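# Fold and geometry: a report
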Amino acid sequence: MNAITPFDRSKARFPIPEVATSFINGASVGAAGGHRIPVISPATEELISELREADADEVAAAVAAARNAFDKGPWPRMSVDERKKIMLQIKDVLMKHADELAYLETMNAGLAVTHVRGFHVPRMGFNFEFFAEVASQAAGDAYTQTKPYLSIVTREPIGVGALIGPWNAPLALCSMKIASCIAFGNTCVLKPSEFTPLSLRRVVELINTTDIPKGVVNLVNGRGQTTGDALVSHPGVDVVSFTGGTTTGRAIASRAGQGLKPVALELGGKSANIITATANMERALDGSLLGIYSNNGQQCLAGSRILLDRKIADSFVAKFVERSKKIIVGDPLEQKTNIGPLAYEGHMKRVLSYVDIAKQDGAELLTGGAAHPGFNKGYYMQPTAVMAKSNAARVCQEEIFGPFATFLVYDDIDEAIAIANQSDFGLVGYVWSEHLPTAMKVSQNVRAGTIWVNTPLTRELRAPFGGYKHSGIGRDSAEDCKMFFTEAKTTTIPLEDFPMAKWGA
Ligand code: NDP
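Residue positions are given per chain, counting from 1 as you read along its sequence in written order. pLDDT decides what is reported in this predicted model: residues at 70 or higher carry local features, side-chain atom pairs at 80 or more are listed and counted, and totals for whole chains, interfaces and linings draw on all residues regardless. Heavy atoms from the whole structure form the basis of all side-chain values; hydrogens and water molecules are not counted.

The buried count for helix α6 (residues 198-207) comes to eight of ten residues, which makes it a mostly enclosed element. Within the span of α6, buried status applies to Leu198, Ser199, Leu200, Arg201, Val203, Val204, Leu206 and Ile207. Note on exposure labels: buried denotes an accessible area under 20% of the residue type's maximum, exposed denotes more than 50%, and partly exposed covers the range between, all computed with a 1.4 Å probe on protein chains only. The helix count covers DSSP runs of H or I at least four residues long, the strand count covers runs of E at least two residues long, and both are numbered beginning at the N terminus.

Shown next, in the form of structure tokens:
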């Protein structure tokens, strides 16, 4: 490990806070005291900030602010049109600071700035616009079948949401959580990953410069085991929305279960990317490289198990390796960079450890397999690919979460589908084929929440997104988020007098 060096603040393109604190009831918590955690730039290993951890008392203060804003404040009681106006103010203020937010994300998470500015930041803005629209169009139900009654079903906000997110795409993922939670009249406390507090700290500060009432959007910073656990366990929290690893998801679900709180879990993946002999090979190659290497390879929906029809396997692998070697690994602030550093040192070591694990299971290293030789600082690794011997190998079963592709070869499409399904995960699946029945067979038979046919990584916010099996519980979409973040209330009224028993008359 290199020594952590101090950061020269005069070279920062936008201000970076010296201490990332919590933000509660419309105000920043002071920087004094508290347990400190270094915030390191993964590109340069400089100490760019410090995180001041929220202890249980601070978490309780954040929940109290959200509780008060929900129980007594105007937000849940406003008309949807008033709320929509504020949601659009939020979108505007965030997009006005698009370059600053992209910079903070890149400095902290190591994601390539072109990717963050081009995809994550617009998605963040769109999340607020989209859920403002969804909430404004949401309607209830009415039942008239049982005479003489009219039963109406209205949906009410569920209360205070605990929103917990990972480090791999903080802006894109957590903005969706905030927007989908508050759009329906709820209030929230967000806990970002301890590794990436900077962009979201600024987002919550900016949200609180709009007309949103104090206490609707709060943030606590700290480690999962301390701050996160205190938040999930707090009796003032009504609902928990979590995105992160499967092991953490289990712990959170069981903690939330003790309080009978509904939980939505977006967890890991080990998704199959099936390349058939009838694929448009050029597009399949482009899509497969993006599917595994974009976002520095750190994405739940990566196509990390690439299954090749034996007839095209050798030529596909040769082209994939050739292209992998030419991918630009570099400073994430550079416009030309394709892949930046991994998010933190421990994570890079974990990803690289899979090179030996692969070899122990008999895999052949096709390309990469080591830290990138071009850098003496930062957590850069070479785009890596291995050919596995069987789907039982650990590199086929465990989520590696880095620029690390695993190939397998199959002989017919039924075998490919069987391999795809031999996994504890079931988040997404990809298939490349110009033959419609083959593509549809994969789509109908692979057990995963989303199947992409001849396209990588396309998110349609209106449609459900979420995982089968150990990839999660629940879905994100307009309708699913409405169901998750609201309670249904049935009110029954007789439309005329009806004979009623007269006990004691
Ligand atoms: P983790 O599960 O380690 O952490 C996710 C969040 O949970 C962090 O904020 C973490 O805090 C917090 N946390 C950890 N332990 C607890 C606890 N006991 N109680 C409450 N909160 C806790 O995931 P990573 O951050 O490492 O993210 C990578 C994982 O996220 C991958 O497995 C990936 O597949 C998954 N992911 C899933 C997505 C999906 O949509 N399905 C999308 C993106 C990522 P801290 O980090 O501060 O300890």
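On we go.
It is worth spelling out the packing of aromatic side chains at this point. Two aromatic rings from Phe, Tyr or Trp, using only the six-membered ring of Trp, form a pair when their centres are within 6.5 Å; if the ring planes differ by under 30 degrees the pair is stacked, by over 60 it is edge-to-face, and anything between is tilted. Taken as a whole and judged by the stated rule, the model has 13 aromatic pairs. Aromatic rings pair up to connect Trp167, Phe195, Tyr344 and Phe401 into one cluster. Over the aromatic face of tryptophan 75 sits the side chain of arginine 83, whose NZ or CZ is 5.9 Å from the ring centroid. Should the NZ of a Lys or the CZ of an Arg lie within 6 Å of a ring centre and within 35 degrees of the ring normal, that charge is described as sitting over the ring. If you follow arginine 459 out to its NZ or CZ, it ends over the ring of phenylalanine 465, 3.9 Å from the centre.

With that settled, the discussion passes to the sheet that holds strand β15 (residues 305-309). The seven strands are arranged β16-β17-β18-β15-β14-β20-β21 in an open sheet whose pairing can be described as mixed. One side of each edge strand has no neighbouring strand; the edge strands of this open sheet are β16 (364-367) and β21 (450-453). Going across the sheet, the axis of each strand differs from the next one's by a mean of 25°, ignoring polarity. The rule for pairing is simple: two strands pair if DSSP sees at least two bridges between them. As paired strands, strand β14 (residues 272-275) and β15 are joined by four bridges and run parallel to one another. Each residue of the ladder has a partner; that of alanine 272, found in β15, is arginine 305. Note on definitions: a residue-residue contact is assigned when non-hydrogen atoms from the two residues lie within 4.5 Å. Inter-axis angles, ranging from 0 to 180 degrees, are taken between N-to-C directions of lines fitted to C-alpha atoms, where helices are fitted over the stretch in contact. With respect to the sheet, helix α10 (residues 310-326) is in contact with β14, β15, β16, β17 (384-387) and β18 (404-410), its orientation differing from that of β15 by roughly 135°.

All right, on to the pairing of β15 then. Judged by how many residues are buried, β15 sits mostly within the fold: five of five residues are covered. Judged by which residues are buried, β15 turns out to be covered on both faces: Arg305, Leu307 and Asp309 on one side and Ile306 and Leu308 on the other are all buried. The parallel pair β14 and β15, bridged by helix α9 (residues 281-293), forms a crossover whose chirality is right-handed. As judged from the five bridges shared by β15 and β18, these two strands associate in the parallel manner. When the sheet's bridge partners are listed, leucine 307 is paired in β18 with leucine 408. Think of it like this: strands point away, you trace from the first strand over the helix to the second, and a clockwise trace means the crossover is right-handed.

This paragraph deals with the site of the ligand. Put simply, a residue is near a molecule or strand once any heavy atom of it comes within 4 Å of that molecule or strand. Around the ligand sit 29 residues in total, of which Gly165, Glu194, Thr248, Leu267 and Glu399 are the nearest. Counting of polar contacts relies on pairs of N or O atoms within 3.5 Å, with two restrictions inside protein: one atom must be capable of donating a hydrogen and the other of accepting it, and residues adjacent in sequence are counted only when both atoms are side-chain atoms. Within the backbone of glycine 224, one N or O atom sits 3.0 Å away from an oxygen atom of the ligand. Between an oxygen atom of the ligand and a side-chain N or O atom of glutamate 266, the distance comes to 3.5 Å. Each accessible area value is a Shrake-Rupley result obtained with a 1.4 Å probe; residue values ignore everything except the protein chains displayed when judging cover. For the ligand, the accessible surface in isolation is 900 Å², of which the surrounding protein chains cover 88%. Within the residue set of the shell around the ligand, elements represented by two or more residues are α7 (224-233), β12 (239-243) and α8 (246-258). In terms of residue count, α7 provides more of the shell around the ligand than any other element does, three residues in total. Taken together, the residues of the shell around the ligand break down into twelve nonpolar, eleven polar and six charged. The residue classification treats Ala, Val, Leu, Ile, Met, Phe, Trp, Tyr, Cys and Pro as nonpolar and Asp, Glu, Lys and Arg as charged. All others, Gly included, are polar.

Glancing now at the packing of α9 against α10. Packed helices, taken two at a time, are described by the angle between their axes plus the distance between the axes. One can describe the packing of α9 onto α10 by two numbers: an axis separation of 11 Å at closest approach and a directional angle of 55°. Classified by the angle their axes make, α9 and α10 are oblique. Crossing handedness for the pair α9 and α10: right-handed. Taking contact as the criterion, the partners of Met281, Glu282, Ala284, Leu285, Asp286, Ser288, Leu289, Ile292 and Tyr293 in α9 are, on α10, Ile312, Phe316, Lys319, Phe320, Arg323 and Ser324. Roughly parallel here means an angle under 35 degrees, roughly antiparallel means over 145, roughly perpendicular means 65 to 115, and every remaining angle is called oblique. Left-handed is the label given to a crossing in which the near helix is rotated counterclockwise from the far helix by less than a right angle, and right-handed is the label when the rotation is clockwise.

Before going further, it helps to spend a moment on the nonpolar core. In this structure, Leu94, Phe128, Phe131, Ile178, Ile182, Ile212 and Val217 are the most contacted members of the largest nonpolar core, which totals 53 residues. Secondary-structure elements contributing two or more residues to this core are α2 (80-96), α3 (98-109), α4 (113-137), α5 (170-182), β10 (187-191), α6, β11 (217-219) and α15 (478-484). Each residue touching isoleucine 182, except ones within four places of it in the same chain, is listed here: Trp75, Arg83, Met87, Ile90, Phe128, Cys188, Ile212, Val216 and Val217. Buried residues of nine kinds, namely Ala, Val, Leu, Ile, Met, Phe, Trp, Tyr and Cys, make up a nonpolar core once their side-chain atoms join them within 4.5 Å.

Salt-bridge detection follows one rule: a side-chain nitrogen of Lys or Arg within 4 Å of a carboxyl oxygen of Asp or Glu. Applying the stated criterion across every chain yields a total of 25 salt bridges. Put simply, glutamate 50 and arginine 36 hold a salt bridge, and the shortest N to O gap is 3.2 Å. Of this pair, glutamate 50 sits in strand β6 (residues 46-52) while arginine 36 sits in strand β5 (residues 36-40); the two residues are 14 residues apart in sequence, bridging distant segments of the chain. A salt bridge links aspartate 411 to arginine 310, with the nearest nitrogen and oxygen atoms 2.7 Å apart. Residue aspartate 411 is found in the loop between β18 and α13 (413-421), and its partner arginine 310 is found in helix α10; the two are separated by 101 residues along the sequence. Owing to a relative accessible area of 43%, aspartate 411 belongs among the partly exposed residues under this scheme. Each of the salt bridges in this network shares a partner with another, and the network as a whole consists of Glu100, Arg201, Arg202 and Glu205.

Below, the discussion takes up unusual backbone geometry. Residue proline 148 is bonded to the preceding lysine 147 through a cis peptide linkage, with omega at 5°. Mapping proline 148 onto the fold places it in the loop between β7 (141-143) and β8 (149-157). Its identity as a non-glycine residue notwithstanding, glutamate 45 has a phi of 60°, on the positive side. For glutamate 45, the location among the structural elements is in the loop between β5 and β6. Take glutamate 45: its relative accessible area is 2%, and that puts it in the buried class.

Just distances and angles here, no functional claims.
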